[in-house]
Amino acid sequence: MALCFGGAVLHGADVQAQSYGLPSLGDGQSLTTAQERKLGDRIIRELYRDPDYLDDAVLTEYVQDILASLMKAAQQRGELTEEQAERFAWRILLGRDKQVNAFALPGAYFGVYLGLISVTGTRDELASVLAHELSHVTQRHIARLIAQQDRLTPLMIGSMLLGALAASRSPDAGAAMMVGGQALVQQTQLNFSRDMEREADRIGFGLMQPAGYAQQGFVGMFDRLQQANRINDKGDWPYLRSHPLTTQRIADMRSRLGKEAGSAEPPATLEHLMMVARARVLMQTNMQVLRQYADDPQDAGFAAKSRDQKVGGLYAAALSELKLQHPDRARASIAALKELTRNDAAALRKAQLLSAEVELAAGDASAALVQLDKDTQKITADAGRPELMARAQTLLPLQRASEITGALQTRVAAHPDDAGAWMMLARVWRQQNQPLRAVRAEAEAQMAQHDYAAAVDRFKAGQDLARKGGGDFYDASIIDTRLREAESALREQASDRTLN
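Residues numbered from 1 in each chain as written. Predicted model: local features only at pLDDT ≥ 70, side-chain atom pairs only at ≥ 80, totals over all residues. Heavy atoms only, no water.

Peer 1: Honestly, the overall build of the chain in this entry has me stumped. Any pointers?
Peer 2: When you go through the chain residue by residue, the secondary structure sums to 24 helices and five strands. Burial statistics for the chain: of 500 residues in total, 53% are counted as buried. By sequence separation, contacts in the chain at least 24 residues apart represent 73% of the contacts at least 6 residues apart. Summed over its atoms, the accessible surface of the chain is roughly 21500 Å², and 49% of this surface lies on carbon and sulfur atoms. (Helix = DSSP H or I, 4+ residues; strand = E, 2+ residues; numbered from the N terminus. Buried < 20%, exposed > 50% of the residue type's maximum accessible area, 1.4 Å probe, protein only. Contact = heavy atoms within 4.5 Å. Areas by Shrake-Rupley, 256 points an atom, 1.4 Å probe, with all protein chains shown as cover.)

In structure tokens, the structure reads:
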């Protein structure tokens, strides 16, 4: 949906794209950055409710770090304005779906399907997708389209975008979310013009090298997506299909590459191969396929494989064994994995996180904590989010939640939109017999996901608890203030629905 690598998900039924020149596309000034963020918030609220939404700390951090480096390059090159950097969300949402796809929403929300991660050969190829999507946002293509189509209100566009996302998996659900035939006709006018696609390619390509990625990743990813389109294209619902990856766009990238860099794509890092394996296992629901992943290290030909192949295979095997509830076999794969990655700090970190995941699933919180840090008392706010969330999960059953409270509070103070951290903090506070703070944290988690009705409910529960003496005056005052803010946001949300 919205701005998809290789084209918009919203694709008119074989309607020829209008040939707009870039100067006539408009500068997007009819929609302010605040309005664009509001439109994105409206859409993202529904995506958080999607059962395919996945808050996987390890994968999300990996993708978010790539996006952060591209943002920094965009700022240095003048593509990303200070206002956009401050007002927009710049948030990655993972989808468990097998689609080889990604999308960008107004307000800089980026959706990445595990299917896309699973087919990337290198970190550079994944970066090329994010660079393209980032460029759609920095060039404000949604706002420029709205400027072109003055009959389409932002709220109507929001409904169409939601419908397209739903229809990517369920045509009936998607059609139900779109308002009649008129909306379907107007939807065709939301397709990104080929000029916009070329603009996102060109600007995204220019971000790669300054961000530390090989520009060859663009060509490599185009080739992979071209192949995926040929395999997966069944011709269903043509007006919701992505634009085809044209040979002209691929040729353009190769031409730019020939002028600015060599043709060979750098090899994949061990860390990336592990993240590809993680994506493949997490999106898999077929138990037979998981057993195949799990049995791969026992195959007669496994020993003859390259180190890279072994690392990916062992990671997939260990995670599959975890899902199949075979912790002993998972430990054996992880031991071999650690040996292969011992000289690669980034890859070894991922192996240790997986080891902690296995131990926690096996019910041995103490062993999990050892895997996170040999010095189990070293709990700092500087740890990455995966370590932070994993440590909290391990300390709770050990009745040592107080050791992680400060780090979690620091996390939510710096990232108030981290719903997962707020929910973990709620569990931690409940263990410390601070029910009022726990209820507030639950409410803040709902606020972070723009579910204002649920947030109002939890804040009111906090008020009732405070009246019964369940907390101090300071906590009660915060809840009163946040309740008023949640109620205001809920009224605005209801007003939006009425106008739509």
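Peer 1: How do you make sense of the environment of K338 when you look at a structure like this?
Peer 2: With respect to the helices and strands, the residue K338 is situated in helix α16 (residues 327-341). The partly exposed category is assigned to K338, whose relative accessible area is 22%. Setting aside anything within four residues of it in sequence, one finds K338 in contact with L348, A351, Q352, S355 and Q371.

Peer 1: Mind showing me how you'd approach the pattern of salt bridges here?
Peer 2: Opposite charge on two side chains makes pairing possible when the charged atoms of those side chains draw close. Counting across every chain of the model gives 34 salt bridges. Here E492 and K38 are joined by a salt bridge, their closest N and O atoms 3.2 Å apart. Taken together, the residues span a long stretch of sequence, with E492 in helix α24 (residues 473-499) and K38 in helix α1 (residues 33-48) at a distance of 454 residues. Residue classification places K38 among the partly exposed residues on the basis of a relative accessible area of 36%. In this structure, R430 engages E442 in a salt bridge whose closest nitrogen and oxygen atoms are separated by 3.0 Å. Of this pair, R430 sits in helix α21 (residues 419-431) while E442 sits in helix α22 (residues 435-448); the two residues are 12 residues apart in sequence, bridging distant segments of the chain. Under the relative-accessibility criterion, R430 is labelled partly exposed at 41%. Under the relative-accessibility criterion, E442 is labelled buried at 16%. The network of salt bridges with shared partners includes R45, E46, R49 and D451. (Salt bridge = Lys/Arg side-chain N within 4 Å of Asp/Glu carboxyl O.)

Peer 1: I would appreciate a short explanation of helix α19 (residues 385-395) in the present structure.
Peer 2: Think of an α-helix as turning once every 3.6 residues; residues three or four places apart then point the same way. Counting buried residues along α19, 10 of its 11 residues qualify, which places the element largely inside the surrounding structure. For α19, the set of buried residues is R385, P386, E387, L388, M389, A390, R391, A392, T394 and L395. Lining the buried residues of α19 we find α2 (57-76), α17 (345-361), α18 (365-372), α20 (402-414) and α21.

Peer 1: Whenever I open this one, the packing of aromatic side chains confuses me. Can you help?
Peer 2: For the structure shown, the criterion picks out six aromatic pairs. Ring plane angle 50 degrees and centroid distance 6.0 Å describe the contact between F88 and W90, whose orientation is recorded as tilted. For F88, a relative accessible area of 4% translates into the label buried. Residue W90 is classed as buried on the basis of its relative accessible area of 7%. By way of ring pairs, the aromatic residues F88, W90 and F110 are connected into one cluster. (Phe/Tyr/Trp six-rings, centres within 6.5 Å; stacked < 30°, edge-to-face > 60°.)

Peer 1: Looking at this structure, how should I read unusual backbone geometry?
Peer 2: Trans peptide bonds make up the majority, and among non-glycine residues the majority have a negative phi. The backbone phi angle of W90 is positive, close to 55 degrees, even though this residue is not glycine. Its location among the elements puts W90 in the loop between α3 (82-87) and β3 (91-95). For H450, which is not glycine, the phi dihedral falls at a positive 60 degrees. Looking at the secondary structure, you find H450 in the loop between α22 and α23 (452-467). Look at H450 and you get buried, because its relative accessible area is 7%.

Peer 1: How do you make sense of the pairing of strand β4 (residues 102-105) when you look at a structure like this?
Peer 2: Both faces of β4 are covered, namely the face carrying A102 and A104 and the face carrying F103 and L105. Both β4 and strand β5 (residues 109-113) contribute to a ladder of four bridges, which runs antiparallel. Paired with A104 across the two strands is F110, which belongs to β5. The hairpin formed by β4 and β5 contains three residues between the paired strands, and G107 there has a positive phi angle of roughly 85 degrees. (Pairing = 2+ DSSP bridges.)

Peer 1: Can you walk me through α18 in this structure?
Peer 2: If you check which residues of α18 are buried, you get A365, A368, L369, Q371 and L372. Each buried residue of α18 lies within a common arc of 155 degrees when the element is viewed along its axis, so the set occupies one face. Contacts from the buried residues of α18 go to α16, α17 and α19. (Arc of directions from axis to C-beta.)

Peer 1: Looking at this model, I keep getting lost on the packing of α19 against α20. Mind explaining?
Peer 2: For any two helices packed against each other, the geometry comes down to the angle between their axes and how far apart the axes lie. At a minimum axis separation of 10 Å, α19 and α20 run at an interaxial angle of 145 degrees. Remark: the crossing between α19 and α20 carries left-handed chirality. Taken together, the residues of α20 that come into contact with α19 (itself represented by R385, L388, R391, A392 and L395) are E403, I404, A407, L408 and R411. (Axes fitted to C-alpha atoms, helices over the stretch in contact; angles between N-to-C directions. Left-handed = near helix turned anticlockwise from the far one by under 90°.)

Read these as geometric descriptors, not functional statements.
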